[in-house]
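Listed here are the chains, written in short residue letters.
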Amino acid sequence: MARQRLGQHFLADAGWREEIAREIRISPQSITQTPPSDGAEFCWIEIGAGHGEMTEHLAYTGVPVHAVELDPLLAAALQRLAKRFPNLDIVSADILESDIAKIAGGKRVRVYGNLPYYITSPILHHLFASAEIIDEINIVIQHEVALRVAAKPGLAITAISPC
C-alpha cells in the first residue's frame, strides 16, 4: 500500500511499464536498446524503486543499477530482487541526502525515477548539482509539473486535465 506522506505511487500497469522501458531504451522490444555489458561505462540510478516495478527492467540490461529507496520496508523487500540480479544494489536512503557521484562509483550516470509531485523540484535541483556525471534523466512526473518544467520563464501555465 502506498504511503501518502512519502508521496508514493506505483506503476501497477504492465503496459505503462513496458512503454516507459521502450522510451528509455531498456526494453527487449526497444529498437535502440542499450546492449547488456559487464564493463558498462555507465550505471543507472533509480529514484524511488518502490516494489521494483521498473527496477527489474533496468537490471535485465546487465548494467549496474543502484535502486535508491527511502522507505525501509520497500528497501528490505527489494533485497529479494537483488539476489536475482548481481548488478543490482539497493541503496536504502533519501535521494536528497545522497551523494550521486559516490553511488555511481566513478561511472557515468543515467537516472530513472517515478517522482512524487511535492518533491520533483528539489530532486531535479539535487540532480543538476551532479550534472557533470549525468548523461540522462528520465522521470515520470505529474502533467502539471511537466508543463511548468517546460515553460518559458515568466509564462503562466494553465493545465487542462482530461475527464
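Reading the values: the criteria
- Residues numbered from 1 in each chain as written.
- Predicted model: local features only at pLDDT ≥ 70, side-chain atom pairs only at ≥ 80, totals over all residues.
- Heavy atoms only, no water.
- Salt bridge = Lys/Arg side-chain N within 4 Å of Asp/Glu carboxyl O.
- Helix = DSSP H or I, 4+ residues; strand = E, 2+ residues; numbered from the N terminus.
- Buried < 20%, exposed > 50% of the residue type's maximum accessible area, 1.4 Å probe, protein only.
- Core = buried A, V, L, I, M, F, W, Y, C linked by side-chain atoms within 4.5 Å.
- Contact = heavy atoms within 4.5 Å.
- Arc of directions from axis to C-beta.
- Pairing = 2+ DSSP bridges.
- Axes fitted to C-alpha atoms, helices over the stretch in contact; angles between N-to-C directions.
- Phe/Tyr/Trp six-rings, centres within 6.5 Å; stacked < 30°, edge-to-face > 60°.
- Lys NZ or Arg CZ within 6 Å of the ring centre and 35° of its normal.
- Right-handed = clockwise from strand over helix to strand, strands pointing away.

A. Main features of the pattern of salt bridges. Considering all chains together, one arrives at 5 salt bridges under this definition. A salt bridge links Arg25 to Glu136, with the shortest nitrogen-to-oxygen separation between them at 2.2 Å. Here Arg25, found in the loop between α1 (14–23) and β1 (42–47), pairs with Glu136, found in strand β5 (residues 134–140); they are 111 residues apart in sequence, far enough to count as distant. Since its relative accessible area comes to 21%, Arg25 is described here as partly exposed.

B. Structural detail: the nonpolar core. Core analysis: the largest hydrophobic core is formed by 21 residues, its most contacted members being Ile26, Trp44, Leu58, Leu88, Ile90 and Tyr112. Every element with two or more residues in this core is listed here: α1, β1, α2 (55–60), β2 (65–69), α3 (72–84) and β3 (88–92). Considering every element that reaches this core, the biggest residue donor is α3, with 4 residues. Not counting residues within four places of it along the chain, the set of residues in contact with Ile90 comprises Ala67, Ala75, Leu78, Gln79 and Ala82. In this structure, Val91, Val111, Ile133 and Ile134 belong to the second largest nonpolar core, which totals 17 residues.

C. Seen up close, α1. Taken residue by residue, α1 has Arg17, Glu18, Ile20 and Ala21 as its buried positions. Taken down its axis, α1 places every buried residue within 160° of arc, on the same side. Those residues of α1 that are exposed and aimed more than 90 degrees away from the buried face are Trp16 and Glu23. Tucked into the core, α1 has its buried residues touching α2, β4 (108–114) and β5. Two residues or fewer past α1, Arg25 is found with a positive phi of approximately 65°.

D. Spotlight on the sheet that holds β1. One open sheet holds the 5 strands; their spatial order is β3-β2-β1-β4-β5, and the pairing between them is parallel. Two strands close off the open sheet at either side, each with one partner strand: β3 and β5. Neighbour-to-neighbour, the strand axes of the sheet open up by a mean angle of 15°, direction not taken into account. In this structure, β1 lies alongside β2, joined through 4 bridges in parallel fashion. When the sheet's bridge partners are listed, Glu46 is paired in β2 with Ala67. Lying on the sheet, α3 is in contact with β2 and β3; it crosses β3 at an angle near 170°.

E. Local environment of the packing of aromatic side chains. Taken as a whole and judged by the stated rule, the model has 1 aromatic pair. Residues Tyr60 and Phe85 carry aromatic rings whose centres are separated by 5.0 Å and whose planes lie at 85° to one another, so their mutual orientation is edge-to-face. With Tyr60 in helix α2 and Phe85 in the loop between α3 and β3, the pair connects residues that are 25 residues apart, well separated along the chain. Judged by its relative accessible area of 54%, Tyr60 falls in the exposed class. Under the relative-accessibility criterion, Phe85 is labelled buried at 7%. For Arg110, the ring lying beneath its charged end belongs to Phe42, and the centroid distance is 3.7 Å.

F. Up close: the pairing of β2. Most of β2 sits out of view: 5 of its 5 residues are buried. The side-chain alternation of β2 yields two buried faces, one formed by Val65, Ala67 and Glu69 and the other by His66 and Val68. With α2 bridging β1 and its parallel neighbour β2, the resulting β-α-β unit is right-handed. Direction of pairing for β2 relative to β3: parallel, over a ladder of 5 bridges. The residue of β3 that forms the bridge with Ala67 is Ile90.

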